[in-house]
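Listed here are the chains, written in short residue letters.
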Amino acid sequence: MTTRALNPFTDIAPEVQEALDAGRPVVALESTIITHGMPYPDNSRMAADVEAIIIAEGAVPATIAIVDGRLKIGLSAEEREALAQVKGAMKLSRADLAFALAEGRTGGTTVAATMLAAHLAGIKVFATGGIGGVHKGAEQSFDISADLEELGRTPVIVVSAGAKAILDIEKTLEVLETKGVPVVVHGSDVLPAFWSREAIFNGAPLKAPLRLDTAEAIAKFQAARDAIGVVGGMLIANPIPETSEIPAGIMSGYISEAITRATKNGVTGKAVTPYLLAEMLDITKGTSLKANIALVENNARLAAKIAVALSALR
Ligand code: PSU
Ligand code: MN
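These numbers were taken from a predicted model, which means no experiment stands behind them.

Participant: Describe helix H3 (residues 42–56), with residues and values.
Facilitator: For H3, with 15 residues, the first-to-last C-alpha span of 21 Å sits near the 21 Å given by 1.5 Å per residue. Within H3, the full set of buried residues consists of Asn 43, Met 46, Ala 47, Val 50, Glu 51, Ile 53 and Ile 54. In a view along the axis of H3, the buried residues occupy a sector of 160 degrees, so they form one face of it. Along H3, the residues that are exposed and aim more than 90 degrees away from the buried face are Ala 52 and Ala 56. The inward-facing, buried residues of H3 abut strand S2 (26–29), helix H2 (32–37), strand S3 (60–67), helix H4 (77–85), strand S7 (125–127) and helix H13 (287–313). Positioned one or two residues after H3, Gly 58 has a phi angle of 90 degrees, which is positive.

Participant: Lay out the UniProt feature "binding site: Mn(2+)" (unreviewed entry) in the protein in plain terms, naming residues and giving numbers.
Facilitator: If you check UniProt for "binding site: Mn(2+)" (unreviewed entry), the listed places come out as Asp 143 in our numbering. Residue placement: Asp 143 occurs in the loop between helix H7 (138–141) and helix H8 (146–153). Its 19 C-beta neighbours within 10 Å are what place Asp 143 among the partly exposed residues. Excluding residues within four positions of it along the chain, Asp 143 makes contact with His 135, Ala 138 and Val 272.

Participant: Quick one: what's the story with the confidence of the model for the protein, residue by residue and with numbers?
Facilitator: Mean pLDDT over the protein: 96, with 98% of residues reaching 70 or higher. Per the prediction output, this complex has pTM 0.96; the corresponding ipTM is 0.95.

Participant: Explain the site of ligand 1 to me, using residue names and the numbers behind them.
Facilitator: Near ligand 1 you find 18 residues, and of these Thr 32, Gly 37, Gly 129, Gly 132 and Ser 145 are the closest. Elements supplying a minimum of two residues to the shell around ligand 1: H2, H8 and helix H12 (272–283). Looking at the shell around ligand 1, the element that brings in the most residues is H2, giving four residues. Counted by class, the shell around ligand 1 contains four nonpolar, 11 polar and three charged residues.

Participant: If you had to explain the UniProt feature "binding site: substrate" (unreviewed entry) in the protein to someone new, which residues and values would you point to?
Facilitator: UniProt tags Lys 91, Val 111, Ser 145, Ala 146 and Asp 147 as "binding site: substrate" (unreviewed entry). Taken along the chain, the residues just named run across 57 residues; in space they keep tight, none of their C-alpha pairs more than 12.9 Å apart. Checked against the element boundaries, Lys 91 lands in strand S5 (residues 90–92). Lys 91 gets classed as partly exposed once you count the C-beta atoms within 10 Å, which come to 19. In this structure, Lys 91 is in contact with Thr 32, Thr 35, His 36, Gly 107, Gly 108, Thr 110, Lys 270 and Pro 274, ignoring residues within four places of it in sequence. As for its position among the elements, Ser 145 is in the loop between H7 and H8. Setting aside its immediate chain neighbours within four residues, Ser 145 contacts Gly 132 and Gly 133.

Participant: Quick one: what's the story with the pairing of strand S9 (residues 183–186), residue by residue and with numbers?
Facilitator: Of the two faces of S9, the one lined by Val 183 and Val 185 and the one lined by Val 184 and His 186 are each fully buried. Bridging between S9 and strand S13 (residues 234–237) involves three bridges; their strand directions are parallel. Bridge pairing in S13 places Val 184 opposite Ile 236. Across three bridges, S9 lies against strand S12 (residues 210–212) in parallel orientation. Its bridge partner being in S12, His 186 is matched across the sheet by Leu 212.

Participant: Explain the packing of H3 against H13 to me, and be specific about the residues and the numbers.
Facilitator: For the pair H3 and H13, the least separation of the axes is 8 Å and the interaxial angle reads 20 degrees. Accordingly, the angle class assigned to the pair H3 and H13 is roughly parallel. Helix-helix and strand crossings are classified by hand; for H3 and H13 the assignment is right-handed. Every residue of H13 that contacts H3 at Asp 42, Met 46, Asp 49, Val 50, Ile 53 and Ile 54 is listed here: Leu 289, Ile 293, Val 296, Glu 297, Ala 300, Arg 301 and Ala 304. Of the residues in the contact of H3 with H13, the class split is nine nonpolar, no polar and four charged.

What counts as what
Residues numbered from 1 in each chain as written. Chains lettered and ligands numbered in written order. Predicted model: local features only at pLDDT ≥ 70, side-chain atom pairs only at ≥ 80, totals over all residues. Helix = DSSP H or I, 4+ residues; strand = E, 2+ residues; numbered from the N terminus. Expected span 1.5 Å × (residues − 1). Buried ≥ 20, exposed ≤ 12 C-beta atoms within 10 Å, placed from the backbone. Arc of directions from axis to C-beta. Contact = placed C-beta atoms within 7 Å. UniProt positions renumbered as here; feature names shortened; annotations may be inferred. pLDDT = per-residue confidence, 0-100. Near = placed C-beta within 6 Å. Nonpolar A, V, L, I, M, F, W, Y, C, P; charged D, E, K, R; others polar. Pairing = 2+ DSSP bridges. Axes fitted to C-alpha atoms, helices over the stretch in contact; angles between N-to-C directions. Parallel < 35°, antiparallel > 145°, perpendicular 65-115°, else oblique. Left-handed = near helix turned anticlockwise from the far one by under 90°.

Next up, the structure:
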């Protein structure tokens, strides 16, 4: 098996490279969700399942990560399993992705870093769980995820279940609008909130900025953006399946408790999101994790359909 060199640090898996060369559909997957978002062995099972779902939909999965200073676009099953078990992995975003390459480190790529790497390789669609965004209390902490900046500049379609509900979703929407990022809700008039199908703000459901009901329509929208030269990413918010959702009313109390714990323990910076997700797992006795896995799988399926529709347009 040969891997072609894109730059001295990057290894593109042969099946990914072949698909890209032939214009066949490819879906990128992030790896912070593996290294920091879920415990072992759930992370390993989730990572394998999403790849299988993408293959079943007729696309090629490319899980992106940094392994011993190599930027991997597509992991083998062995590499994926090793990453799921590795201790002390870095959580890498735009700011420190190249640091890990220069220093020979291993790390999971966030939404921002995965978008950057996917674009470098020529991959146009990417599936995740939920994007990072504006944290609650950001007016004090200034904690706003680099994911939003990346969505504003890098032309990759990101399929998510909305912004993680631990965030300030209204402020996150405002920043996305400022940066010119279309937020398209798949098949609903209401914005989803990660574990819940509906984001609630001041007692009322938050309205979807844009709505499209099919992968084909999403691909057509992207083609129109390309045609007029609009650069930057697009965010697809795909509501979690009904059978797996935890309603927002139930989640909000749990989220407040998790944030209280984070404040009490002085958790700041990069550690905040992984900490909150781990506390949610503890508070909900694992039901948040089950929902998280279900929504990622659901997003992988839609992302593959969008990648297939985009390939058909070309
Ligand atoms: N979605 C999940 N679990 C995760 C994440 C997203 O279901 O762990 C990760 C993503 O990699 C996202 C990151 O980019 O959390 C956001 O971190 P921060 O808020 O520190 O930017
Ligand atoms: Mn942050």
